[in-house]
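Overview (structure and organization)
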Amino acid sequence: MATQRLGLIMHGVTGRMGMNQHLIRSIVAIREQGGVALSNGDVVMPDPLLIGRNAEKIEALARAHGIARWGTNLDAALANRDDSVFFDAGTTQMRPALLAQAIRAGKHVYCEKPIATNLNEAVEVCRLAQRSGVKHGAVQDKLFLPGLRKLDMLRRAGFFGRILAVRIEFGYWVFEGDLQPIQRPSWNYRREDGGGIILDMVCHWRYVLDNLFGEVKSVSCLGATHIPKRWDESGQPYTATADDACYATFELAGADGGSIVAQVNSSWCTRVRRDDLVTIHVDGTHGSAVAGLSDCRSQSRVNTPKPVWNPDLRQTLPFFDQWQEVPDTQLYDNGFKLQWEHFIRHVVEDAPYRWTLAEGAKGVQLVEAAMQSWTERRWVDVPALAI
């Protein structure tokens, strides 16, 4: 068994997602487990170089996690041929230019979503990657969550029969900042800084819906800025210019040639009374299931109870108890880490990989269609994306 080094430039990992999910729970965890196993028995060991603007923060982060290499000069990092992969988890507005710079330097690229704030930039960087022949990928982490993997198993087993409808509820209350400290960065609520829940979440819903239920064909969307005034990290008030809630209906292509209806609510202005911060409810002719991030519960056709509508009597049926839990039949690793391992194998041994920048561009396409629907107050078709 041989160990191969993989030089990895990581940009934007001082932020919440980049640091926690990509650096600590993915790359550091991969290094601690001894690397990524290849099909021939060899092992790939990532050798990260952390790049950021704040030298003090980058150095402290590197030292805290036993990483020897860090710096502030991205140009110099991209010029080093010993590092073949570039990863970005910085701001969405900067991402297309950074990816293009890395691709022109001959680097394989992997990045957070959205891959751009608009479809034109997303398509251009996809085309550049394809022309350059580099490997490329976009984060689609929710496909690797235990709850969604259980849903996918039910679907592949034919449990649902013909899928009729999907309902997704996502969100929680994000504190305004006056009474309680904020738990999301203030730029999320400024459109001029790349904020907004439609841009943030509809990219996720595109790959979730496409991969688990059916390709998105059209969208009707209503956005809202429910909280017009918020307070930033320094306690200063500011005007919220981005949408903080999104109420959308998607038409999906069903496996039988028909349609599936998906209703998706995304909100940073809702208080949670459900099983998880996100729940996905799937109804089919043969059964239904509800999944959260980790758990999934199902109810088959033969186990469906028979409630009777009577508004004059208090409901006595224990609806939440009438579902059967889909068991954990395997150990579920961190979803971000799993996709990192897939991408590393793709880079080193050309293993199959479908979560490319083109898939990320589809998410941006759906964002633009949702925004158009909101602005024009109508259904908007989502055609096949030509890249």
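Residues numbered from 1 in each chain as written. Predicted model: local features only at pLDDT ≥ 70, side-chain atom pairs only at ≥ 80, totals over all residues. Heavy atoms only, no water.

Moving on to the packing of helix 5 (residues 119–132) against helix 9 (residues 357–376). At their nearest, the axes of helix 5 and helix 9 sit 9 Å apart, and the two run at 170° to each other. Looking at the two axes, helix 5 sits roughly antiparallel to helix 9. Of helix 9, the residues touching helix 5 (which contributes Leu-119, Ala-122, Val-125, Cys-126 and Ala-129) are Leu-357, Ala-358, Ala-361, Val-364, Gln-365 and Glu-368. Tallied by class, residues from the contact of helix 5 with helix 9 come to nine nonpolar, one polar and one charged. (Axes fitted to C-alpha atoms, helices over the stretch in contact; angles between N-to-C directions. Helix = DSSP H or I, 4+ residues; strand = E, 2+ residues; numbered from the N terminus. Parallel < 35°, antiparallel > 145°, perpendicular 65-115°, else oblique. Contact = heavy atoms within 4.5 Å. Nonpolar A, V, L, I, M, F, W, Y, C, P; charged D, E, K, R; others polar.)

What follows is about the state of the cysteines. Evaluation of the coordinates by the stated rule reveals zero disulfides. In this structure Cys-221 is not part of a disulfide, and its nearest cysteine sulfur, from Cys-246, lies 3.6 Å away. Classification of Cys-221 as buried rests on a relative accessible area of 5%. (Disulfide = S-S within 2.5 Å. Buried < 20%, exposed > 50% of the residue type's maximum accessible area, 1.4 Å probe, protein only.)

Along the chain, the position of Asn-188 falls in the loop between strand 8 (163–171) and helix 7 (197–212). Within the structure, the side chain of Asn-188 is placed 2.9 Å from the side chain of Arg-184, a separation counted as a polar contact. (Polar contact = N/O pair within 3.5 Å; in protein donor to acceptor, adjacent residues only side chain to side chain.)

A separate point is unusual backbone geometry. Cis geometry marks the peptide bond from Lys-113 to Pro-114; its omega dihedral reads -10°. Assignment of secondary structure puts Pro-114 in the loop between strand 6 (108–111) and helix 5. The phi torsion at Asp-350 lies on the positive side, around 60°, for a residue other than glycine. In this structure, Arg-377 takes a positive phi of about 55° despite not being glycine. Here Arg-377 falls in the exposed class, since its relative accessible area comes to 70%.

The next thing to look at is helix 6 (residues 146–156). Listed in full, the buried residues belonging to helix 6 are Pro-146, Gly-147, Leu-148, Lys-150, Leu-151, Asp-152 and Leu-154. Summarising the contacts, the buried residues of helix 6 are in contact with helix 7, strand 14 (278–284), strand 15 (287–291) and strand 16 (296–300). Gly-158, located one to two residues past helix 6, shows a positive phi value of around 80°.

The next thing to look at is the nonpolar core. Among the nonpolar cores identified, the biggest contains 82 residues, and Phe-213 and Phe-250 are the most heavily contacted of them. At 11 residues, helix 7 tops the list of elements feeding residues into this core. Apart from residues no more than four positions distant in its own chain, Phe-213 is found in contact with Leu-151, Ile-163, Val-166, Val-208, Leu-252, Ala-253, Ile-260, Ile-280 and Val-282. (Core = buried A, V, L, I, M, F, W, Y, C linked by side-chain atoms within 4.5 Å.)

On to the pattern of salt bridges, then. For the structure on display, the rule yields 25 salt bridges. The closest approach of N and O atoms between Glu-59 and Arg-63, which form a salt bridge, is 2.9 Å. Within this pair, Glu-59 and its partner Arg-63 are both found in helix 2 (residues 55–64), separated by four residues, close to a single helical turn. You can call Arg-63 exposed: its relative accessible area is 62%. Via salt bridges that share partners, Arg-5, Asp-47, Arg-69 and Asp-83 belong to a single interconnected network. (Salt bridge = Lys/Arg side-chain N within 4 Å of Asp/Glu carboxyl O.)

With that settled, the discussion passes to the packing of helix 7 against helix 9. Relative orientation of the contacting elements helix 7 and helix 9 amounts to 120°, with a least axis distance of 8 Å. Classed by the angle they form, the pair helix 7 and helix 9 counts as oblique. In this structure, helix 7 crosses over helix 9, and the sense of that crossing is right-handed. Where helix 7 abuts helix 9, its residues Ile-198, Leu-199, Val-202, Cys-203, Arg-206 and Asp-210 lie against Lys-362, Gly-363, Val-364, Gln-365, Leu-366, Val-367, Ala-370, Met-371 and Trp-374. Its residues assigned to classes, the contact of helix 7 with helix 9 shows 10 nonpolar, two polar and three charged. (Left-handed = near helix turned anticlockwise from the far one by under 90°.)

A few words on helix 2. Listed in full, the buried residues belonging to helix 2 are Ile-58, Leu-61 and Ala-62. The arc that holds the buried residues of helix 2, viewed along the axis, is 100°, so those residues lie on one side. Set apart from the buried face of helix 2 by more than 90 degrees, the exposed residues are Glu-56, Arg-63 and Ala-64. Close packing links the buried residues of helix 2 with helix 1 (16–32), strand 3 (43–51) and strand 4 (69–71). A side-chain oxygen of the first residue of helix 2 lies 3.1 Å from the backbone nitrogen of Glu-56; this N-cap is Asn-54. (Arc of directions from axis to C-beta.)

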